[in-house]
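Single-letter residue listing:
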Amino acid sequence: MKLRIIHSLIITFWFMLLCFPLVVLKIDYLEKSIRFRWINLFLTGLCVFFISLLWRYFLSRRRKYFLRLPEHFFDLHQSRLIRSKPFLFIFSLVFLSLPLILPNYHTSILITAMIYVVLGLGLNIVVGLAGLLDLGYAAFFAIGGYSFALLNHYFGFGFWASLPIAASLACLGGVLLGIPVLRLRGDYLAIVTLGFGEIIRLILENWEAFTKGPSGIPDLPKPGLFGIQLDFYSSTIYLYYLLILCMLAAILVTKRLSYSKTGRAWVALREDEIAAQSMGIDTTKTKLTAFGIGAFWAGIVGAFFASKNSFVDPSSFTFHESAIILSIVVLGGMGSILGVILATMILVLLPEYLRFLESYRMLIFGAIMVIMMVFRPEGLVKSVRQQYDFKNLK
Amino acid sequence: MDLYFLELFFSGLTRGGIYTLIALGYTMVYGIIGLINFAHGEIYMIAAFIGLTFAGIFSILQFSLISILLIAVFFAMLFSAAYGYTIEKTAYKPLRQASRLAPLISAIGMSIFLREYVILAQTPDFLAFPMLFGDLELPEFMMDFIQPTETIIILVSFFLVGILLLFIKHTKTGKAMRAISQDREMAMLLGVNSDKIISFTFMVGSLLAAFGAILISAHIGQINYNIGFIIGIKAFTAAVLGGIGSIPGAALGGLTLGLIESFATGYISSDYEDVFAFGILVLILIFKPAGFLGKKEHKKV
């Protein structure tokens, strides 16, 4: 114990040294003066000391507390509670009645969260199942959002008329990106998709005559409901239910797909491309379907996103966005649907509800990403492969 | 050759030099542990801030311009190496055994953390960076197409790449680095302390980035918390372009990228500067998937 404290003190000292020039000193060039903010150093030191104590304590017991836990605790797929009918019933009842109880602000946050769930599920197909690292996924999200916005702006299309077009354009974008990068492997694929994402965003930003540039496209309509006029409050609730449907559809499709021939081909491709090829899997087709279907979902929720904000601009589709979506997939546990939902709760709802911490919110967010990865690198929920139970087959 | 061409050429070389200095950090780390270190751009940014702080202190103390420059570079290198070391120890080292994506996410988290840290500790606004090079004079005929600061950046970055190449080739540590990048387990069996070498690689990468940060900040004259992001992505692009893991490749990729950008902005349009960079990257990788100097990976079945 004593040794541990001494060790933490050394670490604290080291971090205080590191932080010194940025945290304590503040130079004012105009007045030629230096402000010393010693109190900051003291606070940083205090934080670092306690965090390092906890960090080192848990890191040495990581195996016991975090890595072995899944069998009993995190393995939610097998959990009786989650599978039991009364639980599901109550859960869905609560979930469905939330927008009626909560104020509009929270409904709107939940809508955002569901958008991210669908995005996570879409990217999960590409990264989690097919093992193709995509760092530019926000591009397809952007294609969806902008398709709707532009169709509405130039041709007066409504939401429902634009939705299939937005989804198919995003899907097409996915396939078009997929064709040239088929030969690339691993990290080269990552950087090309990153480049692709940036290209799409930069085009949206700079082609002012067509996309209105950085100022974005305002006044987008909410989805219509058989011509009934909805006020702002009820249209948000309507959107909430639409997104529940969309999310359920995404979950169902992903789940069925992952058990299908295509889904198993994806997993085979992820595990070993050459072996998959020699077993007769058409890698071109399999990769392209993964890109296409992944992008398809991004296109759909892109339109929802634009409609929810009634506004799109390129700054919503930066690399940061792609990184967050990828984090959702990895943090949730690659290939796991439940994991995506849980990770979205953490990565999307946490920053929203940490707003009272104001400027510390994103700092904590970044730290949480690191901490989660250090302590549970395989993600929250371990994805379970379907297993055939030979004993009960007969 | 007209002057405009030369002007673009040298400004391209300048950019390329800076990209190279940062790309070296990416490529060395990737070569050794196969990690895309997304926090590397933020180290560059932090180095610029630390350089600014120390330049501020010593300019208030009325030191001469050249000594301020040297002091700023020294402290920026010292601290960024320390930051690089600490980041590796906290965010990547516990993840050595994990899957490949886990350290990547950890790196993204670290990069968000560092940006916010600088915003909180210093400022979210642009800060003026002193012109530390002062009034350098070049021969009359050169002043038409090249700025004095540009010559310094180009020369320094070429010099540093040369030193690094010699270091990797001829010293024992360099040899150990190459050994680890070829086969880490085997190198460890033969008595190479892999943790030490990995930390060392992070430190070398960080101090090269710090060098680049001070040079370019003194050239452009302003910094903010966001400067690390786009330049980090582009430097990574340069590393991939040249073949990731290869040090001459990083230099080649950096220079190519810098020149392409410079000519494209000069002759075509400045709005699409970054589009050209990424477009070229995509094109080159399609035709040469391992980059210019990358080794083609042969997969054994």
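Residues numbered from 1 in each chain as written. Chains lettered and ligands numbered in written order. Predicted model: local features only at pLDDT ≥ 70, side-chain atom pairs only at ≥ 80, totals over all residues. Heavy atoms only, no water.

Give me the overall build of chain A: which residues, what numbers.
The secondary structure content of chain A amounts to 17 helices and 4 strands. C-alpha extents for chain A along the principal axes are approximately 70 × 65 × 50 Å. The buried share of chain A, reckoned over its 394 residues, is 50%. The contacts of chain A with a sequence gap of at least 6 include a subset with a gap of at least 24, amounting to 76%. (Helix = DSSP H or I, 4+ residues; strand = E, 2+ residues; numbered from the N terminus. Buried < 20%, exposed > 50% of the residue type's maximum accessible area, 1.4 Å probe, protein only. Contact = heavy atoms within 4.5 Å.)

An account of the domain arrangement of chain A is needed here, citing residue identities and associated values.
Under the domain assignment, chain A is made up of domain 1 (2-53) and domain 2 (80-390). Computed from C-alpha coordinates alone, the two centres of domain 1 of chain A and domain 2 of chain A are separated by 40 Å. (Domains from an automatic or database assignment.)

Tell me what's going on with the pairing of strand E1 (residues 25-28) of chain A, and back it up with residues and numbers.
In the case of a regular strand, side chains alternate between the two sheet surfaces. Residue and element names in this part refer to chain A. Across 4 bridges, the pairing between E1 and strand E2 (residues 33-36) is antiparallel. Bridge pairing in E2 places Ile27 opposite Ile34. Turn length for the E1-E2 hairpin, with the two strands adjacent in sequence and antiparallel, is 4 residues, and the turn residue Lys32 shows positive phi of about 55°. (Pairing = 2+ DSSP bridges.)

Explain a positive patch on the surface to me, using residue names and the numbers behind them.
All names here are of chain B. A surface patch of like charges, here positive, comprises Lys169, Lys172, Lys175 and Arg178. Looking at the secondary structure, you find Arg178 in helix H6 (residues 172-182). For Arg178, a relative accessible area of 35% puts it in the partly exposed group. (Patch = residues over 30% accessible without salt bridge, like charges linked within 9 Å, V, L, I, M, F, W, Y side chains within 5 Å. Areas by Shrake-Rupley, 256 points an atom, 1.4 Å probe, with all protein chains shown as cover. Salt bridge = Lys/Arg side-chain N within 4 Å of Asp/Glu carboxyl O. Lys, Arg positive; Asp, Glu negative; His and termini not counted. Charge placed at Lys NZ, Arg CZ, Asp CG, Glu CD.)

Can you lay out the packing of aromatic side chains for me, pointing to particular residues and giving the numbers?
Evaluation of the coordinates by the stated rule reveals 36 aromatic pairs over all chains. Measuring from ring centre to ring centre gives 6.1 Å for Phe305 of chain A and Phe317 of chain A, while their planes differ by 70°; the resulting arrangement is edge-to-face. Of this pair, Phe305 of chain A sits in helix H14 (residues 283-309) while Phe317 of chain A sits in the loop between strand E4 (311-312) and helix H15 (319-332), and the two are 12 residues apart along the sequence. Both residues of the pair, Phe305 of chain A and Phe317 of chain A, count as buried. Here Phe74 of chain B and Phe75 of chain B contribute two aromatic rings whose centre-to-centre distance is 5.4 Å and whose plane-to-plane angle is 75°, an arrangement assigned as edge-to-face. (Phe/Tyr/Trp six-rings, centres within 6.5 Å; stacked < 30°, edge-to-face > 60°.)

Would you mind going over the packing of helix H5 (residues 85-101) of chain A against helix H11 (residues 232-259) of chain A in detail, with residue names and values included?
Residue and element names in this part refer to chain A. Remark: H5 packs on H11, axes separated minimally by 10 Å, with the N-to-C direction vectors making an angle of 165°. Our classification of the angle between H5 and H11 gives roughly antiparallel. The element H5 and its partner H11 pack so that their crossing is right-handed. Taken together, the residues of H11 that come into contact with H5 (itself represented by Phe95, Leu96, Leu98, Pro99 and Leu100) are Tyr233, Ile237, Tyr240, Tyr241, Ile244 and Met247. (Axes fitted to C-alpha atoms, helices over the stretch in contact; angles between N-to-C directions. Parallel < 35°, antiparallel > 145°, perpendicular 65-115°, else oblique. Left-handed = near helix turned anticlockwise from the far one by under 90°.)

Requested: an account of the interface of chain B and chain A, with residues and values cited.
In this complex, chain B contributes 66 residues to the contact, which on the side of chain A involves 59 residues. When the two sides are added together, the surface that chain B and chain A hide from each other amounts to roughly 5500 Å², 77% of it contributed by carbon and sulfur. Our enumeration of links across chain B and chain A arrives at 0 salt bridges. Seen at the junction of chain B and chain A, the total is 5 residue pairs in polar contact (both at pLDDT 80 or more). Those elements giving two or more residues to the side of chain B that touches chain A turn out to be helix H2 (40-60), helix H3 (65-92), helix H4 (101-121), helix H9 (227-242) and helix H11 (273-287) of chain B. Looking at which element gives the most residues to the side of chain B that touches chain A, the answer is H4 of chain B, with 15 residues. The residue makeup of the side of chain B that touches chain A, split by class, is 49 nonpolar, 12 polar and 5 charged. (Buried area = accessible area lost by both parts, 1.4 Å probe. Polar contact = N/O pair within 3.5 Å; in protein donor to acceptor, adjacent residues only side chain to side chain. Nonpolar A, V, L, I, M, F, W, Y, C, P; charged D, E, K, R; others polar.)

Pulling in residues and values, what's your account of unusual backbone geometry?
Notably, Ser310 of chain A is not glycine yet its phi reads approximately 45°, a positive angle. For Ser310 of chain A, the position within the fold is in the loop between H14 and E4. Judged by relative accessible area, which is 26%, Ser310 of chain A ranks as partly exposed. With phi around 65°, Gln62 of chain B is a residue other than glycine that occupies positive phi space. Checked against the element boundaries, Gln62 of chain B lands in the loop between H2 and H3.

Explain the nonpolar core residue by residue, including any values.
If you look at soluble globular proteins, the nonpolar side chains tend to sit buried side by side. Grouped together as the largest cluster of nonpolar side chains are 211 residues, with contacts concentrated most on Leu22, Leu119, Phe304 and Leu326 of chain A together with Phe38, Ile46 and Tyr117 of chain B. Top contributing element to this core by residue count: helix H6 (residues 104-129) of chain A, with 16 residues. The residue makeup of this core includes at least three contributed by each of domain 1 (2-53) and domain 2 (80-390) of chain A. Every residue in contact with Phe38 of chain B, bar those within four places of it in the chain, is listed here: Leu135, Leu194 and Phe319 of chain A together with Tyr26, Leu104, Ala107, Ile108 and Ser111 of chain B. In this structure, Leu6, Phe10, Leu13 and Ile154 of chain B belong to the second largest nonpolar core, which totals 8 residues. (Core = buried A, V, L, I, M, F, W, Y, C linked by side-chain atoms within 4.5 Å.)

Talk me through empty space enclosed by the protein; I want residue IDs and the actual numbers.
Residues and elements named next belong to chain A. Evaluated as defined, the whole model comprises 1 cavity of 30 Å³ or more. Taken as a whole, the largest cavity spans an internal volume of roughly 40 Å³. As for the largest cavity, its lining consists of Leu135, Gly136, Ala138, Ala139, Leu194, Gly197, Glu198, Phe317, Thr318, Phe319 and Ser322. Here the element with the most residues in the lining of the largest cavity is helix H9 (residues 186-206); it accounts for 3 residues. A class-by-class count of the residues in the lining of the largest cavity yields 6 nonpolar, 4 polar and 1 charged. (1 Å grid on protein atoms, 1.4 Å probe; cavity = no way out; pocket = protein on both sides within 12 Å on 5 of 7 lines; lining within 4 Å. Points joined across faces, edges and corners; volume = space filled by probe spheres on them.)

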